[in-house]
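Reading the structure
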Amino acid sequence: MSLRESLPAIKTELPGPIAKAALEKRAQVIPAAVKSIYPIVIKRGEGAMIEDVDGNVFLDWIGGVGVLNIGYTHPELVAAVKDQADKYFHSMMNITTNPLYLDYAEALGKIGPVRGDAKQVFLTNTGAESDENAVKIAKGATGRPNIIVFSGSFHGRTLLTMTMTSKKAYAIGMGPFPDGVYRAEFPYLYRAPGDLSEAEAISYYIERLESLFDTHSPAKHVAAIVFEPVQGEGGFVPAPLEWVKAVRKICDDNGILLITDEVQTGFARSGRMFVSDYYKEAGCAPDIMTFAKSVAGGLPLAGVVTSKEIMEKVTPGTIGGTFNGNALSCASALKVLEIMQRDDYPAKARHIADIATKKFLEWKAKYPVIGDVRGVGAMLGVEFIKDEKKTPNPELVNAVVASAWKKGLMIESAGTFGNAIRFLCPLCVTDEQLEKGLEILEEALRENL
Ligand SMILES: Cc1ncc(COP(=O)(O)O)c(C=O)c1O
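Below you will find a few notes about this structure. Computed from a predicted model, the values in this text were never measured in an experiment. (Residues numbered from 1 in each chain as written. Predicted model: local features only at pLDDT ≥ 70, side-chain atom pairs only at ≥ 80, totals over all residues. Heavy atoms only, no water.)

One finds W61, F267, F291 and F360 to be the most contacted residues of the largest nonpolar core, which totals 104 residues. Counting residues per element, this core draws most heavily on helix α11 (residues 327-342), which supplies eight residues. The two domains that each donate at least three residues to this core are domain 1 (3-60 + 345-447) and domain 2 (79-342). Counting residues in hydrophobic clusters, the runner-up holds 32 residues, among them A184, Y188, A201 and L212. (Core = buried A, V, L, I, M, F, W, Y, C linked by side-chain atoms within 4.5 Å. Buried < 20%, exposed > 50% of the residue type's maximum accessible area, 1.4 Å probe, protein only. Helix = DSSP H or I, 4+ residues; strand = E, 2+ residues; numbered from the N terminus. Domains from an automatic or database assignment.)

Next up, the structure:
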C-alpha cells in the first residue's frame, strides 16, 4: 500500500534511533529559540501521511500549520515544479518580468474576494511579509499612520507583525516596538463577559472597538483594521459574521480599510476558497486580503490582493523584494489553484468538517472537560477546561497531544491559554484515515482524563 493510502503505524520507540541522532545534531546547529514540539524527523510525505527516518508512519493533522491543505507531494504539483525547474528558478520582478507571476496575479485577482472590480496582487514570501505589506499598502493608500488589531491575534514574527500579534510570549526581549498599533478585544464569544446573548456580546465588542477612537487613536488617523477570520494561534476562534458586518460599517463610516489575514484560513480550508468569500456574499468583503501557507502546496509564496484603485495609491518603490513571486513557487501555486477548483477542495473541507464536528460535539456531550467546539469548515478548535468557571486546561491538552503523537497522530495545541486542540488536517485525507485519527484522539483523551 502506498504511503498516501496508509494508516498510522509506529514501529520503534519514539523518537527512533535515526531520529534521535538528527535531533542531537539539531540541538548543535539550530538555535533552541526555533522551538519544536515534536521529536519527529521526516523522511517523506504523501497526502496526509508522513514517514519518519525510522520508518514510523504518522497521520499529520497539523499539515505544516495549514500549509498542506492539498497534502504532501501531490503528483501534479511535483510534475509542475520539475518542469519549471528545467526552465528557470528565479527572475526578480524589478529586473525581468516572470510570466508565471502575471498568470498567478491574474488568477488570484479573479477569485480574491476583496472589494473592487479590477484587482491587483503583490506576491511575497511569507505570511508575516504579506501582513506587513498589507499595512504598508493601507498606510500608503490612506496617508494615515495607525492600525487596529485584536486580542488573540497572530500575524507573524517580523518587528511590525510581532507588535500586531497579541501573545507576548512571541516578543520577549524584542522591544521597543513600532508605534501606531492599537488593540481591541476580539469577539471570543465563548469567553464573553457575563451572561450576554450572542447579539449583546457582539454589541459589547463593537462598543469596545469604537471606544479606541476616543482613548487611543482618532478614527481619521486609522489606516486599517486587521483581523483573522478565524484566529489560528489564538485558539481557532471565528469572527461572528454580524461582528464583521459591524466592523465593515465602522470602516466605511470612517474611511478605514478592512484587512482580512487569511494566511491560515485560506485555500479551501473554510469550505470556501477564503472565509472572505462568505463575507463578500454577506456584503462585508474586505478591502485587502493577505494569503500564504497553502498557496503553493509547501513552496514559499504568499501575497496581498486588493483593488487596483488602492494599489495605485501606493508610491512606486515602497514595496518589493528579491524573491517575491519565485518561479518554482508560482508554478506550484498555479497548479494548486487548478487542482483545488477542479477537484472541489472546498467541498472536501465541508465533508471533513461534517464528520469531525459531529464527533467533537459527541465528545463535548460525553466529556465535561470539553468546553467549546468551534470553527469554520475544516478549521476546527476544541477548547478544554477544568471546571464550570471555564478555567483553561492546558495540562490536559499537552498530555493528549503527547499521547496522540505516540500513537501516530500529529495534532497541535493553540490558544492564548494553550488549552485548545486545533484540527488542520490536509483536505486530501481519506475517510478511513480521518476515522482512524478521530479514534486515536479519543483514546488519547480517555487515557488522560
Ligand atoms: C493568521 C496568520 N498570519 C500570519 C502568519 C505568519 O506567517 P509566516 O509564518 O508565513 O510568516 C501566520 C502563521 O502562522 C498566521 O497563522
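Right, picking up where we left off after that structure.
The full set of residues close to the ligand is T126, G127, A128, D131, F154, H155, G156, E228, D261, V263, Q264 and K293. At a separation of 3.5 Å, a nitrogen atom of the ligand approaches a polar side-chain atom of D131. One of the side-chain N or O atoms of D261 is found 2.7 Å from a nitrogen atom in the ligand. Per-element accounting of the shell around the ligand gives the leading share, three residues, to helix α5 (residues 127-142). Considering only residue class, the shell around the ligand consists of three nonpolar, five polar and four charged. (Near = heavy atom within 4 Å. Polar contact = N/O pair within 3.5 Å; in protein donor to acceptor, adjacent residues only side chain to side chain. Nonpolar A, V, L, I, M, F, W, Y, C, P; charged D, E, K, R; others polar.)

With that settled, consider the pattern of salt bridges. As enumerated under the stated definition, the model contains 28 salt bridges in all. Here R44 makes a salt bridge to E46, at a shortest N to O gap of 3.4 Å. Since its relative accessible area comes to 37%, R44 is described here as partly exposed. For R44, the salt bridge identified is with E51, shortest N-O distance 2.7 Å. The structure contains a network of salt bridges with shared partners spanning K43, R44, E46 and E51. (Salt bridge = Lys/Arg side-chain N within 4 Å of Asp/Glu carboxyl O.)

Taken together, the four strands give an open sheet; going across it, the order is β1-β2-β3-β15, and neighbouring strands pair in mixed fashion. The sheet is open, and its two borders are formed by β1 (42-46) and β15 (409-410), each paired with just one other strand. With four bridges joining them, β1 and strand β2 (residues 49-52) adopt antiparallel strand pairing. Bridged to R44 within β2 is E51. (Pairing = 2+ DSSP bridges.)

Any functional reading would require information beyond the geometric quantities listed.
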